[in-house]
Amino acid sequence: MTIQKQEAVAALAQPALLLPNLLAEALAANGRIKFALSWLQAAEASAGRDDRQPFAGLTAERTLAGLDHAVLYDPPALLERTQAGLRVPQAGAVIAALLDDLSRMRRAAEAGAAAGLLDQATADGLGMREQAQRAAIRVADDVLPPGLVSQLCRVPADGADSLHRLVMDLHRAINDIAAGLAETDIAGARAYRLDDRDRQRVAAFMRGLNRTAPLKFNHPGLATNAMRDGPRLIIQNDLGTTDAHVLIVQIEGQDDAPRLSVLHSDIHRQRLEFFQDRLPALTWTQSSRQLPGSEQGQFTLATGILQAADLPTLDAALETLGASLVFLIDWNKARKSLRHFVSGPAAVALLHWAADHEYGHRAYLEAGGETMIGDLLDTVSQLTGGSYGTMQRALGQDGTMAFLREALRTSSEALRNGQSPPAIRDMLQAELMTRVASMADRILDDAIDHAALILDLGSLVHAALLGNVPDLLAAAARAQRWEALADRQVGHICGLCRDDKSRPWRAIASHADDAADQFEDAAFRLQFLPADLPADIRATLLQLAAQAVMAAKDYVRLLCALRSLHQGMPRREMRLLIGLFDRLHAHEHATDAAERDVFARLMHADLDARTVTLATAIAGALESVADALLNAGRLLSDHAVGEWFAS
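Since the model is a prediction, treat every value here as computed from it, not as a measurement. (Residues numbered from 1 in each chain as written. Predicted model: local features only at pLDDT ≥ 70, side-chain atom pairs only at ≥ 80, totals over all residues. Heavy atoms only, no water.)

**Digging into the overall build of the chain**
Within the chain, the regular secondary structure consists of 22 helices and eleven strands. Per-residue burial over the chain gives 51% buried out of 647 residues. Counted over contacts in the chain with a minimum sequence separation of 6, partners at least 24 positions apart contribute 70%. A total of about 28,200 Å² of accessible surface is found on the chain, and carbon and sulfur atoms cover 51% of it. (Helix = DSSP H or I, 4+ residues; strand = E, 2+ residues; numbered from the N terminus. Buried < 20%, exposed > 50% of the residue type's maximum accessible area, 1.4 Å probe, protein only. Contact = heavy atoms within 4.5 Å. Areas by Shrake-Rupley, 256 points an atom, 1.4 Å probe, with all protein chains shown as cover.)

See the structure below:
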C-alpha cells in the first residue's frame, strides 16, 4: 500500500510522506542500474562475434530488475566499430535511463537527510559526486567511447570514485535510511516513526475510516499513510483514483493545545464543498492550485483548521473525518446520476442523507444507478398501464425524494449483506409499485378531505337557516375560510394527477369544488336575509338546504366506497357504488324541485324586490350544489371506476 499520487502530495508541500515511496523507487532503480551496466558490458563483449551469447546470460538478472518487457534492453541488432568507439543501437537511451535511476537514488538520500535519517553532509557529498559522474559520461549517436564501459563498471582499488562506487554508496545510504524508517501497521494504516501518542491519533482516524470503508465496495481508494515529521504527525489518504484528489491531515501540539489541520484537494469544487459541510467544526478556506503533468491540471485546495479543546475532542474529530472519506468516492458520478430525477440541490441533499445514515452512494451506483431506476420506471409503467415519463410525474417531488432515499438505503444494506444487483432491482421494483399504487390512495384521500369540507359548508348553511347560528357575519367569514381550504385541496389533487389514469380527477375535483363555492355563496347571502321572512319560504329553503347537504353526504360516502374498493373490495360491492350514483341523481332532481317551489312561493308572496332577489339567489346556489356533485359523480362513474379501477 503506497502513495499513488506523488505529484499531488508534493504540490501540497508534504515531502516527508513521500520518503517510503522514494526509498522503494531507489531500491528498484539500484537493480535497474546494475542490469544496465551488465547490458553495456555484454554489448562490448559481443563486438566482433557472430552470436549474442553474452546477452543470453542476462536473462535471470533482467527478470530480477523487472525489465522483461522493456524493449530497450533487448540485444542490439547490429554492433559497429567506428573511429570514435563502438556503435551500439540504443546505447544512448540505456545510458540516459541509467542516469535517471541514479537521480532517483540521490533524491531518496536527500529526502532521508531532510527527515533526519541521514547526515546532511553525506547527502550533499553524494549529490556532488553524481554531478561529477554525469559530467564524465559522453555518449553521442549511440557510440560508446573506448574505455567508457570499464570506467562505469569498475570499483577503483585506489579509492578513486566511479559510477559503480557511487551506486554502492547510495545503496548503503538508502539501507541506513530504511533501517531508521521501520514500517508498522495501525488498523490498516502504513505508519512510520510514530510515538505512542501518534498511534492513538492514527487509531482514532482509522476507527472512523474502517467503520465506513466497506461502503466503497469494489472501488479502489482510502489507502492511508502516517508519519512523524518533526513537530507534526502527518496522515495522508489517497481517496479515489483522481490524480489531484488527496487528503492530508496534520496534527500538532498534542501536549496542551492540539491543533488539527486538514488539506483536501479536488478538481470538483462541489464535492469539496460537500466535504466541508460534513465537517462543520473546522474553519475552512479555499484556494486554486496547479498540478503540473496531470490531466487535471487545475484543482481547488480546501484548508480546514480545528483548535481542539483537548485530546478526546481531537480524536472525535479525527474519527468523524476518517468516516467521511468514503462518501467522497464517486461523489460526482452519484450526483450526476441523481440529477436525472431531482434538482441539483436535491441531489446533494440526498447524498448528505445517505452519508448521515452511513448508507453511502456507492452501492446505488453498483446496482445500476440511474439506468436501473429508469428501467424500473419503464417496467412499472408497463405493469400498471400508466404513462410515467419521469419519476416526478409518477410520484411527485416529495415522493421521488422518498423513493430515492429508499433506493440508496436498500442498495447499501442489500449489497453489504451479499445480495446481488438483480435482487436489489427486484426489491426496488416492488417498492416503486407500492408507491405508485399509493398515489391513487393519496388522491382519493385528498378528494375525501375536500368532500368533507363541502359537507361542513353545507351543514353551516343548514344550521344558519334553522336559526342555530347567532352571528351570521362570523358564519360567512368562516365559510369563506373553508372555501379557500377547499380550493387549496383541489390544487393539491391536481398536483398529484400526473398520468393519463389519474388525470380525470382534476375535472372531478373541479366540479365538486363548484359545490363548495355555491355553499359559501349561500352562507354569505344568508346574513342579508330578513328575519321576518315568511315561514313557508324559510321552510322551503331549509328543505332545499337539507337536500343539498344529503347530496354532499352521499358524495362523501361514494368516495369512501371507492377508497375501500381500491384497497381490495370484492366486485360484488360495486352494487353499493351504483346505488350511490343513483342517489346523487335523486338529490339533483329533489333540489331542482325544491328550488322551483321556493321560486313559486316567492312569486305569490308580498315581498320587496330585494328580498325576492336575495332568496332566489340563495335557492339557486343550493340547487347548484346538487348539480355540481352529480357532475362529479358522473365523472367518477365514467372514468374512475370504468378505467382506473378496472385493472
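**As for the environment of S103**
Among the secondary structure elements, S103 is positioned in helix α5 (residues 91-114). Take S103: its relative accessible area is 8%, and that puts it in the buried class. Along the sequence, S103 and A29 sit 74 residues apart, while their C-alpha atoms lie 9.0 Å from each other. When near neighbours in sequence (up to four residues on either side) are disregarded, S103 contacts E130 and R134.

**Things to note about the packing of helix α12 (residues 331-338) against helix α13 (residues 344-356)**
Two elements in contact, α12 and α13, have axes whose closest approach is 9 Å; the angle formed by their N-to-C orientations is 125°. With respect to α13, the axis of α12 lies oblique. Crossing of α12 over α13 shows right-handed handedness. Across the interface between the two elements, W331, A334, R335 and L338 of α12 pack against A347, V348, L350 and L351 of α13. Residue classes in the contact of α12 with α13 are distributed as seven nonpolar, no polar and one charged. (Axes fitted to C-alpha atoms, helices over the stretch in contact; angles between N-to-C directions. Parallel < 35°, antiparallel > 145°, perpendicular 65-115°, else oblique. Left-handed = near helix turned anticlockwise from the far one by under 90°. Nonpolar A, V, L, I, M, F, W, Y, C, P; charged D, E, K, R; others polar.)

**Points about unusual backbone geometry**
Most peptide bonds are trans, and most residues other than glycine sit at a negative phi. Of note in the backbone geometry, L222 takes a positive phi value of approximately 75° without being a glycine. Note on placement: L222 falls in the loop between α9 (196-212) and β6 (224-229).

**Observations regarding the environment of L117**
By secondary structure assignment, the location of L117 is in the loop between α5 and α6 (120-136). Counting along the chain gives 56 residues from L117 to A173, while the straight-line C-alpha distance between them is 9.5 Å.

**Considering the confidence of the model for the chain**
Across the chain, pLDDT averages 85, with 89% of residues at or above 70. Element-level mean pLDDT values for the chain span from 50 in helix α1 (residues 6-11) up to 97 in α13. Under a pLDDT of 50 for its full length, residues 643-647 has, in the predicted model, 16 contacts with residues more than four places off or in other chains. (pLDDT = per-residue confidence, 0-100.)

**Here we look at the sheet that holds strand β2 (residues 85-87)**
Spatially, β1-β2-β3 is the arrangement adopted by the three strands of the open sheet, whose pairing is antiparallel. At either margin of the open sheet sits one strand with a lone partner, and together these are β1 (80-82) and β3 (143-144). Pairing of β2 with β3 involves two bridges; the strand directions are antiparallel. When the sheet's bridge partners are listed, R87 is paired in β3 with V143. (Pairing = 2+ DSSP bridges.)

**Quick look at the pattern of salt bridges**
The final tally for this structure, using the stated rule, is 30 salt bridges. Of the charged contacts in the structure, one is a salt bridge between R104 and D101, with a shortest N-O distance of 3.0 Å. A residue pair is termed a helical-turn pair when its members lie 3 or 4 positions apart in one helix, as R104 and D101 do in helix α5 at three residues. Relative accessible area serves as the criterion here: at 29%, R104 is assigned to the partly exposed category. By relative accessible area, D101 is classed as buried at 3%. A salt bridge links D198 to R228; the shortest N-O distance between them is 2.6 Å. Taken together, the positions of D198 in helix α9 and R228 in strand β6 put the pair 30 residues apart, joining distant regions of the chain. Within the structure, one salt-bridge network assembled from shared partners comprises R106, E110, E130 and R134. (Salt bridge = Lys/Arg side-chain N within 4 Å of Asp/Glu carboxyl O.)

**Quick notes on helix α8 (residues 163-179)**
Compared with an ideal rise of 1.5 Å per residue, which puts 17 residues at 24 Å, α8 spans 24 Å between its outermost C-alpha atoms and is within 8% of the ideal. Taken together, the buried positions of α8 are L163, L166, V167, L170, A173, I174 and I177. The arc that holds the buried residues of α8, viewed along the axis, is 125°, so those residues lie on one side. Those residues of α8 hidden inside the fold are in contact with α2 (19-46), α5, α6 and α7 (148-153). (Expected span 1.5 Å × (residues − 1). Arc of directions from axis to C-beta.)

**Topic: the environment of T82**
Assignment of secondary structure puts T82 in strand β1. Counting along the chain gives 63 residues from T82 to P145, while the straight-line C-alpha distance between them is 9.5 Å. Not counting residues up to four positions away in its chain, the partners in contact with T82 are R87 and V143.

**What about the packing of aromatic side chains?**
Inspection of the entire model under this criterion finds six aromatic pairs. The interplanar angle of 40° and the centroid separation of 5.3 Å between the aromatic rings of F274 and W331 together place this pair among those described as tilted. Of this pair, F274 sits in helix α10 (residues 269-278) while W331 sits in helix α12, and the two are 57 residues apart along the sequence. By relative accessible area, which is 0% here, W331 ends up buried. (Phe/Tyr/Trp six-rings, centres within 6.5 Å; stacked < 30°, edge-to-face > 60°.)

**Some thoughts on the packing of α9 against helix α11 (residues 311-324)**
Close contact between α9 and α11 brings their axes to 6 Å; oriented N to C, the two are set at 35°. Considering the relative orientation of α9 and α11, their crossing is right-handed. When α9 is examined against α11, the residues Q200, R201, A204, F205, R207, G208, L209, R211 and T212 are found in contact with a partner set consisting of L311, L314, D315, L318, E319, L321, G322 and A323. Looking at side-chain class alone, the contact of α9 with α11 contains eight nonpolar, four polar and five charged residues.

**Brief notes about the nonpolar core**
By size, the foremost hydrophobic cluster in this structure holds 74 residues, and its most contacted members are F205 and L325. Among the elements that line this core, the one with the most residues is helix α16 (residues 391-416), at ten residues. Beyond its immediate sequence surroundings of up to four residues, L325 is in contact with F205, L209, L222, N237, L239, L247 and F275. Counting 69 residues, the second largest nonpolar core, distinct from the first, contains V461, A512, L580 and L629. (Core = buried A, V, L, I, M, F, W, Y, C linked by side-chain atoms within 4.5 Å.)

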